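Close look at the chain arrangement
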Amino acid sequence: MKHYTKDDIIRLVNEEDIEFIRLQFTDIFGMLKNVAVTKSQIEKVVNNQIMIDGSSIEGFTRIHESDQYLRPDLDTFVILPWHPATRKTARLICDVYNPDGTPFVGDPRYVLKRTLERAEKMGYTFNVGPELEFFLFETDEKGRPTTSTADAAGYFDMAPIDHGGHVRREICLMLEEMGFEIEASHHEVAAGQHEIDFKYAEALHAADNILTFKMAVKKIAQMRGLHATFMPKPVYGINGSGMHTNMSLFKDGKNIFFDPEGKKQLSKEAYSFIAGLLAHVRGMAAITNPLVNSYKRLVPGYEAPCYLAWSASNRSALIRIPAARGQSTRVELRCPDPACNPYLAIAACLAAGLDGIERGMTPPDEITENIFAMTEDERKLHGIDSLPGNLLEAVECLERDPVIVHTLGDHVYHSYITGKKAEWDEYRTRVTDWERKRYMIVY
């Protein structure tokens, strides 16, 4: 990752013929927001003088205390490659501050920063490698998304049956222009479903990358007449989209999850981190899986993990330990989906793992059998619990988990809970097409 000074940014804006700068941030639900300014305002930008009305942002401030300032993270400066080669547009990701110069507690990026500071005090650096899946759908004559793909491909298939391969290739090339290191890309299990994997990064940078990735995928798909969606389960009866999250803790440049003498070459800290995740994963499900629709992905039969277990190889377990060891040793949490706010989701994962380490927690025994093939009685015999079955249950689990509540902070927690309960209420009172088709004639 490049490091920039204020003078570097001003120089680049002038040298690169940049006409617009987009100042980006997220609301508490992970929706990307931005204020665009022209190059004439660049000195105000780098000196933290651009204001926003926080009362207009979901979960931010009330109308009588609405003034807030955007402080750009200069290292996030990048030129957006899909804009014209002349009169270019650049992007900076910003932190949100109060008028008195203090960080705004409702800023999701600040929630992650605060959690990373806790890890830093323990001597740790937290690295995250996300794996985002998404669908490419065709659009109708009015440009609205459909659920058609003209795609008959499955896992790792290629053209001509991989209808979106050319778009996936273009996305990879543009992401590399933006500084991403693309490790792999391929067609996923379902028709129209894709995955692009980029290199792990320090947690804050990884969360920034997730937002940038989603923005780029959607924009490039739109340019090619397609609609990209990170909705967890857009089509009934096929696999949904996940965001498997690979995590590792480093101390003094060494991966502390690796112990050549440990069982499965994992350290005591690695096992405690796993135990912490298992202890809090129900409490953080409303963060990692934030939509009503998320829980239609987390059902048996579609490879999505829904049972609380870990394994060094078993992909039916919620937590998997990939085979790589040494500096590449990592813990993979398989339940998050790409609709989550990455700042809050990564903060929750880190807080859960650190709690496990601080309390010296020990995980249950590894599960090597296919959990999906077990009966309910067999799962009970193994002590295997399950994730919440719907968004309301997930919200109630969050309310009962003081570690995750504390991680979010009072402001984000109360705003988030209020928003999610309202979402559930709207969903449960809505009459769906399924109900009309099922009941209208019969009754």
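Scroll up for the structure.
This report concerns the structure included in the present document. (Residues numbered from 1 in each chain as written. Predicted model: local features only at pLDDT ≥ 70, side-chain atom pairs only at ≥ 80, totals over all residues. Heavy atoms only, no water.)

Observations regarding the overall build of the protein
A count of helical and extended segments in the protein gives 14 helices and 16 strands. Here the C-alpha radius of gyration of the protein, 22 Å, is about what a compact globule of 443 residues would show, namely 22 Å. Principal-axis analysis of the C-alpha atoms places the extent of the protein at approximately 65 × 60 × 45 Å. For the protein, the residues scored as buried account for 55% of the 443 residues in total. Across the protein, contacts joining residues at least 24 apart in sequence account for 70% of those joining residues at least 6 apart. Summing over all exposed atoms, the protein offers an accessible surface of approximately 20300 Å²; the carbon and sulfur share of this is 50%. (Helix = DSSP H or I, 4+ residues; strand = E, 2+ residues; numbered from the N terminus. Rg over C-alpha atoms; globule rule 2.2 N^0.38 Å. Buried < 20%, exposed > 50% of the residue type's maximum accessible area, 1.4 Å probe, protein only. Contact = heavy atoms within 4.5 Å. Areas by Shrake-Rupley, 256 points an atom, 1.4 Å probe, with all protein chains shown as cover.)

Remarks on the pattern of salt bridges
Where charged atoms from two side chains of opposite charge come close, those side chains can pair. Counting across every chain of the model gives 22 salt bridges. Salt-bridge contacts for Asp140 lead to Arg144; the nearest nitrogen and oxygen are separated by 3.0 Å. A residue is classified by how much of its surface remains accessible, and Asp140, at 22% relative accessible area, is partly exposed. Its salt-bridge partner being Glu181, residue Lys199 comes within 3.9 Å of it at the nearest N-O pair. On the criterion of sequence distance, the pair formed by Lys199 in the loop between β9 (193–198) and β10 (201–202) and Glu181 in the loop between α4 (165–177) and β8 (182–187) is long-range, its members being 18 residues apart. Exposure remark for Glu181: the relative accessible area of 46% places this residue in the partly exposed category. One network of salt bridges, in which partners are shared, links Asp73, Asp95, Arg109, Lys113 and Asp208. (Salt bridge = Lys/Arg side-chain N within 4 Å of Asp/Glu carboxyl O.)

As for the nonpolar core
Core analysis: the largest hydrophobic core is formed by 99 residues, its most contacted members being Phe126, Phe213, Leu249, Ile319 and Leu398. Not counting residues within four places of it along the chain, the set of residues in contact with Phe126 comprises Leu116, Ala201, Glu202, Ala203, Met247, Ser248, Leu249, Phe273, Ile346 and Leu350. Listed in part, the 23 residues of the second largest apolar core include Phe25, Ile42, Leu70 and Leu92. (Core = buried A, V, L, I, M, F, W, Y, C linked by side-chain atoms within 4.5 Å.)

Here we look at the environment of Arg400
Among the structural elements, Arg400 can be located in the loop between α11 (391–399) and α12 (402–408). Between the C-alpha atom of Arg400 and that of Val46, which follows or precedes it by 354 residues, the distance is 42 Å.

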